[in-house]
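Spelled out from the first residue to the last, the chains are:
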Amino acid sequence: MRDLSRRELLQRVGAAGIVLGGAAAVARLRYDPGLVSAAASKERPQTRDYRLREAPAELAQLAVAKNDPEPEALVRKAVEALGGMKRFISRGDIVVVKPNIGWDRTPIQAANTNPRVVAEVVKLAFDAGAKRVVVTDASCNEPGRCFQRSGIWKATYDVGAEVVLPAAHRFRGMRLKGEVLDEWPVYTPLINADKVINVPVAKHHNLSRYTAAMKNWYGSLGGRRNRLHQNIDVSIADLATFMQPTLTIVDGFRVLMRNGPQGGNVADAKEMRTVIASVDQVAADAYGCQLIGRTAEEIPYIRMAHERGLGTMQWKDLRWVEV
Amino acid sequence: MAVAVPGAATPKKQKGRPGSGIPARLSIRILVWVRRVSQAGFLGLFLYFLFQTGFRGSFASAETAVRLPLPVEGFLLADPFVAAMTLLSTHTIYRGLVWSIGLLALTLVVGRVFCGWICPFGTLHHFFGWIFPSRYLRGNKRVESNKTAPGRQRVKYYLLYAFLAASLMGSVIGGLFDPICVAVRAIGLAVIPAVQYVTGVASTLSGATGMRPVQGAADSAQDFLAQTVWQSKQFYFHHTWFIGILFVAILFMNRIIPRFWCRVLCPLGAFLGVFARFALFGMEKDHAKCTDCNLCLVNCQGADSPQGGVKWRQDECHMCMNCENACPEDVIKFKFLPNRKSALTVPDTGRRTAIATAAAGAVMIPAARIADVIDANYDHKVIRPPGSVEEREFLERCIRCAECMKVCPNNALHPAFFEAGIEGIWTPILIPRIGYCEHSCVLCGQVCPTGAIQKITEEQKMGIGQKPVSIGTAFYDQGRCLPWGMATPCIVCEEFCPTSPKAIWVEEVDIPKRLPIAGDNGKEPEMTTVHVQRPHVDPSLCIGCGACEKVCPVQDKPAVYVTNVGESRSKTNVILLEDTNYNRPG
Ligand code: SF4
Ligand code: SF4
Ligand code: SF4
């Protein structure tokens, strides 16, 4: 055997030393003692409050348009009664319109928002100066089908809206820090906007009895939101805490009276020719549940939202008009 | 080394050519280029159809029926092997499969032009053999690997005879080896989802950089791909790793034997080979002029002996024309109505082996069926797509092309592994936990080329004015169901149940519940009463769509699940007396 040269010896020992040192450094930097206590985060809960600051005393806060055979006219009248769309939308705004596009149902079945109502809202937003109007929802059934068969895709695209379908990369984890909703994937198109208009449909729901405005924010969540049903009322209240829209326009043109939230039978829906517009989503639900013969007291999430101060269930205390 | 690139033998440098260096006829040089364009075009068309095999929504009005605008299953409709198998099994030719006569006619005029000019799977092999040749595929070794190897090249004929005999016995299991089926299955169920997965990871990483432009670019790329190549959500397929590995292995074989698949395994190639004997177009050779330069063999795709001194094998030739293009001596001539002195037109399979393999194919089917899977112990997981025909007829028709699995917008359909028995491998089954059957959707029947899934309408499926199509029945596991077993409100299943009236109905009950905190001084926890709605299934209304199973929040093993009992296609696999009617037509 040949003796090692001094130089070679140093090289070899040095190389081994570097590898060992590197391993030690990685171990030191990335050492995991295990059982890291989930330190309660100090972050403030994330919320999205798009409401207008000022509420001129002469303008109504809740407007109900009734008895017009044209849904578009009902929308126009209700918004006009609140002071017109210009009050809510400024020139150059990016406006997100959030209808209910949850189900693979056609307009006559009234499980999704009426496409004519949504299209009219888009038009009003453009007329008020919006730069872009985005129409979107995170559907329950297969989205492509829901968007097409609800008629909302075509109706709103035709009036210039950008229709955005849900896709995996559009959800981002956020800390909502609600009572039951802690951290959830949130649908980003809804939270990157200047103004948000909620355009739900009023309908029966077997578990929560009546749903419209506040429940519509289910469509802002991703993940396995089916778990929320175990405490549906608190989760709806949590969502309403997280999301406060600029304006709520409830479509009550055709109302699903039973078999909600999906319906399926034309006979389940009843033409009621009503549109409710409000700056207070709690009041909008408190008023709306009367459409299917309920009172706000019977519906726990409305009461919870009222108690949290998100709005009022005593809609009669607001300045309201019927047109 | 002279030319190591098949299909790229360019005649431009005359001085590089050995021998007398006579360039090929202009018409042949042009034809070779036309062939390349045709190969690229058909591969492109195939992939485009595959990418379009899915529903991404459209601007059609709400009342328009959802259908795919393109005949995305077109390649299968033109496939005469598929037509022949189903003709033998069902004694009929289903709808669009009559197109396959066109391909047969083409073969009768110009031989296996399909293999060399059209087949997208063949083109893939051609391409892979060209860009990834191993060191075994250079020079002389390449020449050797391109000489006819009768032993292995016979295999495909034996497979063909076995599969045709199996079809006669009532099972079109040969679809496992049909090249178009393999390509749709492997690319649609393994390659595309895998690539989508990788881009998903990349887009998450780009999101994590926190840099707006990077994020924005990644999002736009995802949007674009979701609209053109795949869908907006990641699809997962049952045991698809196996399909993927086989695909990679077959592509890899091109490194050792060029177009291994086409020469050795492809039953469609063999089928066309059988008919190539009638072709009016073919090769004539002038053996005397051959100088054994072997340039033809370097470029041969079909290993069909184009060189001088031996007989050309018409049934093996892919009609790529590389040989005439490469030949510097005027030995090879493709022409109409050639003399057949220098050609063998019929497959040289041994008659005994051919009969034996056909017999093996015929015996295979009863052998598979005396296992317990069809008659005695039908697996409850074999939920067939809506509109499927009864199981035996289903096996007479389903060629496992995976069109239905690719098109299903909810990722509900999956290739069975052994659930439907060894005979049913890669036939479609519905796995509701991954995706449920969308109520108004009938797309799988639209793309099924063989009628295993019939082309039903929305009215038939949803039962508008008739009985709806049922694919199974839902059952509650009351120990796991939240309202039943844990005094906790839930009924997501009822919410998603699409029928009207709903097949799931709820019973309102007030039941005791123990508070989840210990009482004072370590006493038993206090009791309270809660109001819950307990779900029940109405078996006469349930259509087995699996929406309830999909959305049940009991994550691992759902508290409501669907099995195939009660499926409309079967007269025996029923629960209710009212559905048992052996006299029912059909
Ligand atoms: S059932 Fe599916 S896999 Fe079978 S032939 Fe039809 S489309 Fe192809
Ligand atoms: S009908 Fe059902 S199984 Fe068939 S493609 Fe549509 S959702 Fe999938
Ligand atoms: S979704 Fe599951 S846990 Fe909930 S009620 Fe239905 S079966 Fe029970």
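Residues numbered from 1 in each chain as written. Chains lettered and ligands numbered in written order. Predicted model: local features only at pLDDT ≥ 70, side-chain atom pairs only at ≥ 80, totals over all residues. Heavy atoms only, no water.

1. Focus on the overall build of chain A
In terms of regular secondary structure, chain A is built from eight helices and 14 strands. Relative to its length of 323 residues, chain A is extended, with a C-alpha radius of gyration of 26 Å against a globular reference of 20 Å. Each principal axis of the C-alpha atoms in chain A carries an extent, and together these give about 105 × 45 × 40 Å. Split into buried and exposed, the 323 residues of chain A put 57% on the buried side. (Helix = DSSP H or I, 4+ residues; strand = E, 2+ residues; numbered from the N terminus. Rg over C-alpha atoms; globule rule 2.2 N^0.38 Å. Buried < 20%, exposed > 50% of the residue type's maximum accessible area, 1.4 Å probe, protein only.)

2. Thoughts on the overall build of chain B
For chain B, the helix and strand inventory stands at 24 helices and 10 strands. A burial count over chain B gives 57% of its 586 residues as buried. Across chain B, contacts joining residues at least 24 apart in sequence account for 75% of those joining residues at least 6 apart. For chain B, the accessible surface area stands at approximately 24600 Å², while carbon and sulfur atoms represent 65% of it. Counting 59 positive and 45 negative side-chain charges, chain B places the averaged centre of each group 15 Å from the other. (Contact = heavy atoms within 4.5 Å. Areas by Shrake-Rupley, 256 points an atom, 1.4 Å probe, with all protein chains shown as cover. Lys, Arg positive; Asp, Glu negative; His and termini not counted. Charge placed at Lys NZ, Arg CZ, Asp CG, Glu CD.)

3. Re the interface of chain A and chain B
Counting from both sides, the interface comprises 40 residues of chain A and, opposite them, 47 residues of chain B. For the pairing of chain A and chain B, the buried interface totals around 3500 Å² over both sides, and the portion due to carbon and sulfur atoms is 47%. For the chain A face of the interface with chain B, the top three residues by lost area are Arg145(A), Gln148(A) and His169(A), together amounting to 20%. A salt bridge links Asp223(B) to Arg170(A); its shortest N-O distance comes to 2.6 Å. At the junction of chain A with chain B, the criterion picks out 24 residue pairs in polar contact (both at pLDDT 80 or more). Secondary structure elements with two or more residues in the side of chain A that touches chain B: helix 4 (143–149) and helix 5 (152–158) of chain A. (Buried area = accessible area lost by both parts, 1.4 Å probe. Salt bridge = Lys/Arg side-chain N within 4 Å of Asp/Glu carboxyl O. Polar contact = N/O pair within 3.5 Å; in protein donor to acceptor, adjacent residues only side chain to side chain.)

4. Looking at the site of ligand 2
Neighbouring ligand 2 are the residues Pro386(B), Cys408(B), Pro409(B), Leu413(B), Leu430(B), Cys437(B), Glu438(B), Cys441(B), Cys444(B) and Lys461(B). Of the residues in the shell around ligand 2, the class split is eight nonpolar, no polar and two charged. (Near = heavy atom within 4 Å. Nonpolar A, V, L, I, M, F, W, Y, C, P; charged D, E, K, R; others polar.)

5. Section: the nonpolar core
Ranked by internal contacts, the top residues of the largest apolar core, which has 140 residues, are Phe114(B) and Phe334(B). For this core, the element with the most residues is helix 10 (residues 179–208) of chain B, which contributes nine residues. Discounting residues that sit within four places of it in the chain, Phe334(B) has contacts with Arg25(B), Phe281(B), Gly282(B), Met283(B), Trp312(B), Cys317(B), Met319(B), Met321(B), Cys323(B) and Glu324(B). Counting 54 residues, the second largest nonpolar core, distinct from the first, contains Val134(A), Trp184(A), Leu207(A) and Met243(A). (Core = buried A, V, L, I, M, F, W, Y, C linked by side-chain atoms within 4.5 Å.)

6. A short note on the site of ligand 1
In the region of ligand 1, 14 residues are neighbours, and Cys398(B), Cys401(B), Ala402(B), Cys404(B) and Cys448(B) sit closest. For the shell around ligand 1, the class distribution of residues is 11 nonpolar, one polar and two charged.

7. Topic: the packing of aromatic side chains
Residues and elements named next belong to chain B. Applying the stated criterion across every chain yields a total of 28 aromatic pairs over all chains. Between the aromatic rings of Phe121 and Phe247, the centroid separation amounts to 6.2 Å while the plane-to-plane angle is 20°, which identifies the pairing as stacked. One end of the pair, Phe121, is in helix 6 (residues 120–131); the other, Phe247, is in helix 12 (residues 240–252), and 126 residues separate them in sequence. Among the aromatic residues, those joined into a ring-pair cluster are Phe121, Phe163, Phe177, Phe247 and Trp261. The side chain of Arg569 reaches across the aromatic face of Phe394, ending 5.8 Å from its centre. (Phe/Tyr/Trp six-rings, centres within 6.5 Å; stacked < 30°, edge-to-face > 60°. Lys NZ or Arg CZ within 6 Å of the ring centre and 35° of its normal.)

8. Focus on the packing of helix 1 (residues 26–51) of chain B against helix 6 of chain B
Residue and element names in this part refer to chain B. Direction vectors running N to C along helix 1 and helix 6 enclose 120°, while the axes themselves pass 9 Å from each other. Taken together, the axis directions place helix 1 and helix 6 in an arrangement best described as oblique. The two elements helix 1 and helix 6 cross, and the hand of that crossing is left-handed. Of helix 6, the residues touching helix 1 (which contributes Arg35, Gln39, Leu43 and Phe46) are Pro120, Thr123, Leu124 and His126. (Axes fitted to C-alpha atoms, helices over the stretch in contact; angles between N-to-C directions. Parallel < 35°, antiparallel > 145°, perpendicular 65-115°, else oblique. Left-handed = near helix turned anticlockwise from the far one by under 90°.)

9. Topic: the pairing of strand 13 (residues 269–278) of chain A
Residues and elements named next belong to chain A. The pairing of strand 2 (residues 62–66) with strand 13 spans five bridges and is antiparallel. The residue bridging Val64 from the neighbouring strand is Ile276, located in strand 13. Direction of pairing for strand 12 (residues 247–256) relative to strand 13: antiparallel, over a ladder of eight bridges. Bridge pairing in strand 13 places Asp251 opposite Val275. (Pairing = 2+ DSSP bridges.)

10. What about the confidence of the model for chain A?
When pLDDT is averaged along chain A, the result is 91, and 97% of the positions lie at 70 or above. Predicted confidence in chain A is weakest over strand 6 (residues 171–175) of chain A, with a mean pLDDT of 87, and strongest over helix 3 (residues 115–127) of chain A, with 97. (pLDDT = per-residue confidence, 0-100.)

11. Observations concerning the confidence of the model for chain B
Residues and elements named next belong to chain B. Confidence in the prediction of chain B, expressed as mean pLDDT, is 91, and 96% of residues score 70 or more. Low pLDDT, under 50, characterises residues 1–15; the predicted model gives this stretch 33 contacts beyond four residues in sequence or across chains. Model confidence for the complex is summarised by a pTM of 0.91, with the ipTM given as 0.88.

12. A short note on the environment of Cys401(B)
Residue and element names in this part refer to chain B. Along the polypeptide, Cys401 turns up in the loop between helix 18 (391–397) and helix 19 (403–407). Separated by 220 residues in sequence, Cys401 and Cys181 have C-alpha atoms that sit 4.1 Å apart. Non-local contacts of Cys401, meaning those with residues more than four positions away in its chain, are made with Leu76, Cys181, Val184, Arg185 and Pro449.

13. Structural notes on the pattern of salt bridges
Residues and elements named next belong to chain B. Counted by the stated rule, this structure contains 42 salt bridges over all chains. Measuring nitrogen to oxygen at the nearest pair gives 2.9 Å for the salt bridge that ties Asp330 to Lys333. A relative accessible area of 32% means that Asp330 is categorised as partly exposed. What emerges from the salt-bridge pattern is a single network uniting Arg154, Lys156, Arg313, Asp315, Glu316 and Asp348.

14. Comments concerning the side chain of Glu142(A)
Locating Glu142(A) in the fold gives a position in the loop between strand 4 (132–136) and helix 4. The side chain of Glu142(A) sits in the buried core without any salt bridge; Arg145(A) is the nearest counter-charge, 4.4 Å away. Within the local environment of Glu142(A), its side chain forms a polar contact with the backbone nitrogen of Gly144(A), the two atoms lying 3.2 Å apart. Among all residues touching Glu142(A), those that are not within four sequence positions of it are Phe55(B), Pro409(B), Asn410(B), Tyr436(B) and Glu438(B).

15. Looking at unusual backbone geometry
The amide bond that connects Gly260(A) to the next residue, Pro261(A), takes the cis arrangement and shows omega of 5°. Topologically, Pro261(A) is positioned in the loop between strand 12 and strand 13. With an omega of 0°, the peptide bond between Ser500(B) and Pro501(B) qualifies as cis. A positive phi is found at Ala110(A), a non-glycine position, where the angle reads about 60°. As for its placement among the helices and strands, Ala110(A) is situated in the loop between strand 3 (94–99) and helix 3. Of note, the phi angle at Leu337(B) is positive, near 45°, even though the residue is not glycine. As for its placement among the helices and strands, Leu337(B) is situated in the loop between strand 3 (332–336) and strand 4 (343–344). For Leu337(B), a relative accessible area of 66% corresponds to the exposed category.

16. Digging into the packing of helix 4 (residues 100–110) of chain B against helix 14 (residues 267–276) of chain B
For any two helices packed against each other, one specifies the inter-axial angle together with the distance between the axes. Residues and elements named next belong to chain B. Packing of helix 4 against helix 14 leaves a shortest axis separation of 8 Å and a crossing angle of 50°. Between helix 4 and helix 14, the angle falls in the class oblique. Both helix 4 and helix 14 take part in a crossing whose hand is right-handed. Contact residues: Leu104, Thr107 and Leu108 in helix 4; Phe271, Leu272, Phe275 and Ala276 in helix 14. Here the residues of the contact of helix 4 with helix 14 are counted per class, giving six nonpolar, one polar and no charged.

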